[in-house]
Amino acid sequence: MNAMKNILSSAAVLVLAVCAFVSCNQPSELPPLNSGYATTIIMPDPQDLTDEDMEYIEDVRAEYEANAK
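Residues numbered from 1 in each chain as written. Predicted model: local features only at pLDDT ≥ 70, side-chain atom pairs only at ≥ 80, totals over all residues. Heavy atoms only, no water.

Details of the overall build of the protein chain
From N to C terminus, the protein chain includes two helices and zero strands. Counting only residues that meet the buried cut, the protein chain has 0% of its 69 residues in that class. Total accessible area on the protein chain stands at roughly 7,300 Å², and carbon and sulfur atoms take up 61% of it. (Helix = DSSP H or I, 4+ residues; strand = E, 2+ residues; numbered from the N terminus. Buried < 20%, exposed > 50% of the residue type's maximum accessible area, 1.4 Å probe, protein only. Areas by Shrake-Rupley, 256 points an atom, 1.4 Å probe, with all protein chains shown as cover.)

Quick look at a nonpolar patch on the surface
A cluster of nonpolar side chains, contributed by Leu49, Met54, Tyr56, Ile57 and Val60, occupies part of the molecular surface with about 460 Å² of accessible area. Considering the arrangement of structural elements, one finds Leu49 in the loop between helix H1 (2–23) and helix H2 (51–67). (Patch = residues over 30% accessible without salt bridge, like charges linked within 9 Å, V, L, I, M, F, W, Y side chains within 5 Å. Salt bridge = Lys/Arg side-chain N within 4 Å of Asp/Glu carboxyl O.)

Considering the pattern of salt bridges
Applying the stated criterion across every chain yields a total of one salt bridge. Glu58 is the partner of Arg61 in a salt bridge, and the nearest nitrogen-oxygen pair spans 3.0 Å. With Arg61 and Glu58 both in helix H2 and three residues apart, the pair spans about one turn of that helix.

A look at a negative patch on the surface
On the surface, Asp51, Glu52, Asp53, Glu55, Asp59 and Glu63 cluster together into a patch of negative charge. Within the secondary structure layout, Asp51 lies in helix H2. Looking at Asp51, the relative accessible area reads 70%, which means it is exposed. (Lys, Arg positive; Asp, Glu negative; His and termini not counted. Charge placed at Lys NZ, Arg CZ, Asp CG, Glu CD.)

Bear in mind that shape data such as this cannot, by itself, settle questions of function.
Laid out in structure tokens, this is it:
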């Protein structure tokens, strides 16, 4: 019985060691950044909502509040 525990504990340590060694040195999830490509994002200037847009948003909000009760 004692020999079985030794074998199981040794096997568990071996499995953990193998998992630790296999999980190292994984390739990067992101591709390398090549020179010459834009690295910044240019955001457009914000635009004011029109009256129609505001009315639509208010209608959706009122519908949500009516159905959320």
